[in-house]
Amino acid sequence: MASSSNIVSAAALFLAIMAAAVHGQGTRVGFYSTTCPRVETIVRSAVQSRFNSDSTVAAGLLRMHFHDCFVQGCDGSVLISGAGTERTAIPNLSLNGFTVIDDAKTQLEAACPGVVSCADILALAARDAVVLANGPTWAVPTGRRDGRISVAQEALDNLPGPSDSVDSQIQKFTDRNLSVQDLVTLTGGHTLGTASCATFNNRLFNYQGTGADFLPTLRSFCPQNNNGAARVAMDTGSQNRFDTSYFTNIRNGRGVLESDQRLWSDNRTGNFVRRYLGLSGLLGLTFNVEFGRAMVRMGNVGVRTGTNGEIRRVCSAVN
C-alpha cells in the first residue's frame, strides 16, 4: 500500500504540472481528448513494445526530446532525416528511438489522420520511457505543431556539450528561460543511458579535476588510442534505472562527462545536487517530483501552436 507521504508527493506533482500546463505556451493537457482520444495509449504501446526488447530505448527517447527542444524549440525538427539535418550532427548520431516515433505515427495516422504532431508524439514517448525505467510520470501538455527547419549546425551551436563549463551550461538553459535548478534536474536524466568514449577521451589521458580514483575504471573501458565508439554508463551501476544515484556518483567524483562533474564543484549547481541527495543542513528536493515539473517547462520551449508549423504526415520529412 502506498504511504501517505508518497500520496502527498504524487498529488503535489499532479497539481504543479497541471498549473504549469495551464500557463504553457499554447499547449494543454488533454489537447487531443476529442480529436484523437487514444493518442496516449497508442504512443505508450509503441514505447512499451520496443522497451520490452531493448531497454536502452528509454534513455534514447528522453535524450531525443531534450535534443529536439534545445534546437528550434520542441518542434520535432530532430526527427527530420536528410543531408545537413539535425540528425546528421555529431551529438545526434547516437540518438536511439526514431523507429518508435515512426511506429506510433503510423498507428496514429490510421486512427486519426493529420491530427497528432510528431513533436507531441516525442514528448509523450519521452515521458512513457521514463516511467518504464522506474521513473516518475507527469501530465504532458500537448498541442505542439511540427517545424519545417532542421539544420545540423544549429544542433552543434545550441546543444550543451560534454565539456561545457557551468557558465556555458547555465547560459544555454537561461537562453531558453530555464533555471539553474532546471539545468541540474534535467541533467539528472543522465541517470539513464551511456556516453561514447569519444565524448570524454580528452579527460582520460590529460585529466584535471577531482575523482582521480575513477580514472582506472574509465580507462579500462576506453583504452588509449581507442576509436571512441565504446560506450560507458553515465550513471555507474544504474544506467537502466531512473534514480538519484547519478547525483551520488558526481558527489563522489565519478561523473563520466566533464560537464556533469562540474555541477558538483560549482556552488550554483552543487547546492541543487546536495538538495537532491538530502544532505544535512539543506532543504531537500524530491527528484521525481522536480523532474516532472522541469520536463513540462522544457517541453514548452519555443513550441509552435495554432497555425504556426504543420502536422507532418511522416515524422522524418516535412509535408
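- The protein chain appears in an unreviewed UniProt entry as Peroxidase from Linum tenue.
- The UniProt entry for the protein chain carries this comment under Function (unreviewed entry): "Removal of H(2)O(2), oxidation of toxic reductants, biosynthesis and degradation of lignin, suberization, auxin catabolism, response to environmental stresses such as wounding, pathogen attack and oxidative stress. These functions might be dependent on each isozyme/isoform in each plant tissue."
- UniProt, in its Subcellular location (unreviewed entry) section for the protein chain, records the words "Secreted".

### Here we look at the overall build of the protein chain
- For the protein chain, the helix and strand inventory stands at 14 helices and two strands.
- The proportion of buried residues among the 319 residues of the protein chain is 51%.
- When contacts within the protein chain are restricted to residue pairs at least 6 apart in sequence, long-range pairs at least 24 apart make up 74% of them.
- Surface summary for the protein chain: the accessible area is close to 13,700 Å², and the carbon and sulfur share equals 52%.

### Considerations on the layout of surface pockets
- Space inside the largest pocket adds up to approximately 1,000 Å³.
- Contributing to the lining of the largest pocket are 46 residues, with Arg63, His67, Pro91, His190 and Met234 lying nearest its centre.
- Within the residue set of the lining of the largest pocket, elements represented by two or more residues are helix H3 (57-69), helix H7 (166-174), helix H8 (180-187), strand E1 (194-196), helix H9 (201-204), helix H12 (258-265) and helix H14 (287-298).
- Examining the composition of the lining of the largest pocket, we find that six residues originate from one element, H3, more than from any other.
- Among the residues making up the lining of the largest pocket, the classes are represented as 23 nonpolar, 20 polar and three charged.

### Here we look at the UniProt feature "binding site: Ca(2+) 2" (unreviewed entry) in the protein chain
- Summarizing the sequence annotation, UniProt attributes the feature "binding site: Ca(2+) 2" (unreviewed entry) to Thr191, Asp235 and Asp243 in the numbering used throughout. Their sequence span is 53 residues, while the largest C-alpha to C-alpha distance among them is just 9.4 Å; these annotated residues converge on one region.
- Discounting chain neighbours no more than four positions away, the residues touching Thr191 are Asp235, Ser238, Gln239, Arg241, Phe242, Asp243 and Tyr246.
- Here Asp235 takes part through its side chain, which lies 2.8 Å from a polar atom of the side chain of Thr191.

### Regarding the pattern of salt bridges
- Under the criterion given, the structure shown has 14 salt bridges.
- With a closest N to O distance of 3.9 Å, Glu40 and Arg44 form a salt bridge. Of this pair, Glu40 and Arg44 both sit in helix H2 (residues 39-53), four residues apart, which is roughly one turn of that helix.
- For Arg44, a relative accessible area of 39% translates into the label partly exposed.
- Here Asp182 makes a salt bridge to Arg297, at a shortest N to O gap of 2.7 Å. A residue pair is termed long-range when its members are at least 10 positions apart, and Asp182 in helix H8 and Arg297 in helix H14 qualify at 115 residues.
- Take Asp182: its relative accessible area is 3%, and that puts it in the buried class.
- Classification of Arg297 as partly exposed rests on a relative accessible area of 35%.
- Each of Glu40, Arg44, Arg127 and Asp128 takes part in one network of salt bridges that share partners.

### Quick look at the side chain of Thr185
- Checked against the element boundaries, Thr185 lands in helix H8.
- Overall, the relative accessible area of 1% leaves Thr185 in the buried class.
- One polar contact links the side chain of Thr185 to the main-chain carbonyl oxygen of Gln181, over a distance of 2.7 Å.
- Excluding its chain neighbours within four sequence positions, the residues that come into contact with Thr185 are Tyr276, Phe287, Glu290, Phe291 and Ala294.

### Quick word on the packing of H7 against H8
- Two elements in contact, H7 and H8, have axes whose closest approach is 9 Å; the angle formed by their N-to-C orientations is 105°. With respect to their mutual orientation, H7 and H8 come out roughly perpendicular. Every residue of H8 that contacts H7 at Gln169, Ile170 and Phe173 is listed here: Val180, Asp182, Leu183 and Leu186.
- Tallied by class, the residues present in the contact of H7 with H8 amount to five nonpolar, one polar and one charged.

### Considerations on the nonpolar core
- By size, the foremost hydrophobic cluster in this structure holds 71 residues, and its most contacted members are Val43, Ile101, Leu108, Leu186 and Phe291.
- Look past the residues within four positions of Leu186 in its chain and what remains in contact with it is Phe66, Phe173, Leu178, Phe291, Ala294, Met295 and Met298.
- Residues Ala195, Phe214, Val232 and Met234 belong to the second largest nonpolar core, which totals 12 residues.

### Some points on the state of the cysteines
- What the rule picks out here adds up to four disulfides.
- Here Cys118 connects covalently by a disulfide to Cys315, the sulfurs 2.1 Å from one another. Since a negative S-S torsion denotes a left-handed disulfide, the Cys118-Cys315 link at about -95° is left-handed. Taken together, the residues Cys118 in helix H5 (residues 118-132) and Cys315 in the segment after H14 connect sequence positions 197 residues apart.
- Here Cys118 falls in the buried class, since its relative accessible area comes to 0%.
- Overall, Cys315 belongs to the buried group, its relative accessible area being 2%.
- Residue Cys197 pairs covalently with Cys222 via a disulfide, S to S 1.9 Å. Given an S-S torsion of about -75°, the disulfide between Cys197 and Cys222 has left-handed geometry. Remark: Cys222 occurs in the loop between helix H10 (215-221) and strand E2 (231-233) and Cys197 occurs in the loop between E1 and H9; sequence separation between them is 25 residues.
- A residue is classified by how much of its surface remains accessible, and Cys222, at 0% relative accessible area, is buried.

Rules used in this analysis
- Residues numbered from 1 in each chain as written.
- Predicted model: local features only at pLDDT ≥ 70, side-chain atom pairs only at ≥ 80, totals over all residues.
- Heavy atoms only, no water.
- UniProt positions renumbered as here; feature names shortened; annotations may be inferred.
- Helix = DSSP H or I, 4+ residues; strand = E, 2+ residues; numbered from the N terminus.
- Buried < 20%, exposed > 50% of the residue type's maximum accessible area, 1.4 Å probe, protein only.
- Contact = heavy atoms within 4.5 Å.
- Areas by Shrake-Rupley, 256 points an atom, 1.4 Å probe, with all protein chains shown as cover.
- 1 Å grid on protein atoms, 1.4 Å probe; cavity = no way out; pocket = protein on both sides within 12 Å on 5 of 7 lines; lining within 4 Å.
- Points joined across faces, edges and corners; volume = space filled by probe spheres on them.
- Nonpolar A, V, L, I, M, F, W, Y, C, P; charged D, E, K, R; others polar.
- Polar contact = N/O pair within 3.5 Å; in protein donor to acceptor, adjacent residues only side chain to side chain.
- Salt bridge = Lys/Arg side-chain N within 4 Å of Asp/Glu carboxyl O.
- Axes fitted to C-alpha atoms, helices over the stretch in contact; angles between N-to-C directions.
- Parallel < 35°, antiparallel > 145°, perpendicular 65-115°, else oblique.
- Core = buried A, V, L, I, M, F, W, Y, C linked by side-chain atoms within 4.5 Å.
- Disulfide = S-S within 2.5 Å.

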